[in-house]
Amino acid sequence: RLDERRFVMDFLEFAKERYSVRSFSQQPIEDEKMQKILQAGQVAPTALNFQPQKIYVLKSEDALEKIRFLTKYAYNAPVVLLVCADERKAWHSRHDFGFSSGQMDASIVCTHMMLEAWDLGIGSVWVRGFRADEVAKMFRLPDEIKPVCLLPMGYPSEKAKPNEELHNTYRPLEEMVEEL
C-alpha cells in the first residue's frame with residue numbers, strides 16, 4: 001500500500017531539485033539504468049492505457065549526427081530519446097472530433113522517463129525545438145508515428161547547473177489555480 005511505502009525523498013523536494021541539463025559529459029549511460037528509464041516510460045499512465053508511445057533511442061554515431069543536424073537542442077548529449085506517438089494506438093475522442101491523446105500521452109511518458117533518469121543521477125531536458133516532418137523523414141518513420149519531443153540525456157558535465165534566474169521562479173498558485 002502506498003501509505004506504507006517509505007520514500008527516501010519527498011516527491012515535491014525531488015521535483016524542485018531536478019533541473020534541465022544542457023551540458024553533458026560523454027560518460028555512457030549503463031544499460032541497466034537505460035532499461036529502468038525506459039521502464040518508467042512503459043508504466044506511465046496513458047489515455048485508456050492504450051500506450052501509444054514509440055520511443056527511439058538515438059545513441060549510434062549516425063543517429064546522433066542526424067538529430068544534431070536537425071536541431072541544436074540535442075545539446076551534444078550521448079543519448080537522445082525521440083519520443084513519438086503512434087496515432088493508430090492513441091485514444092481518439094468520440095465527443096471532441098479530431099482530438100487524439102497521442103501528444104499528451106507521449107509527454108507524460110517523457111516526464112516519467114525524465115524523473116527516473118534524475119533519480120538515477122542522469123540529467124535530461126525535454127525539448128521540442130525541431131520540425132516533426134523533418135525528423136520523421138530523416139529517421140524514415142512510418143506515417144502514423146508522430147514525433148512529439150526529444151529527451152537528450154546523460155550524466156551532467158561539470159559545467160551543468162540550474163538556470164539561476166529561472167529554476168526557482170514559479171507563478172503564484174493564486175494565478176494558476178481557481179476553485180469553481
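Here the structure is shown first, and the text comes after it.
In short, a report on the structure. (Residues numbered from 1 in each chain as written. Predicted model: local features only at pLDDT ≥ 70, side-chain atom pairs only at ≥ 80, totals over all residues. Heavy atoms only, no water.)

### Some points on the sheet that holds strand 4 (residues 145-154)
As summarised here, the arrangement of the 4 strands in space is 1-2-4-3, forming an open sheet in which the pairing is antiparallel. Unpaired on one side and paired on the other, strand 1 (53-58) and strand 3 (123-124) mark the two borders of the sheet. Where strand 1 and strand 2 (residues 79-86) come together, 6 bridges link them in antiparallel fashion. Residue pairing for strand 2: I55 is matched across the bridge by V83. (Pairing = 2+ DSSP bridges. Helix = DSSP H or I, 4+ residues; strand = E, 2+ residues; numbered from the N terminus.)

### Topic: the nonpolar core
Ranked by internal contacts, the top residues of the largest apolar core, which has 25 residues, are L58, I67, V80, L82 and F139. Elements supplying a minimum of two residues to this core: helix 3 (61-70), strand 2, helix 5 (132-138) and strand 4. Among the elements that make up this core, the one with the highest residue count is helix 3 (4 residues). If sequence neighbours within four positions are ignored, I67 has contacts with L58, A74, V80, V135, F139 and L150. (Core = buried A, V, L, I, M, F, W, Y, C linked by side-chain atoms within 4.5 Å. Buried < 20%, exposed > 50% of the residue type's maximum accessible area, 1.4 Å probe, protein only. Contact = heavy atoms within 4.5 Å.)

No statement about biological role is implied by the geometric values presented.
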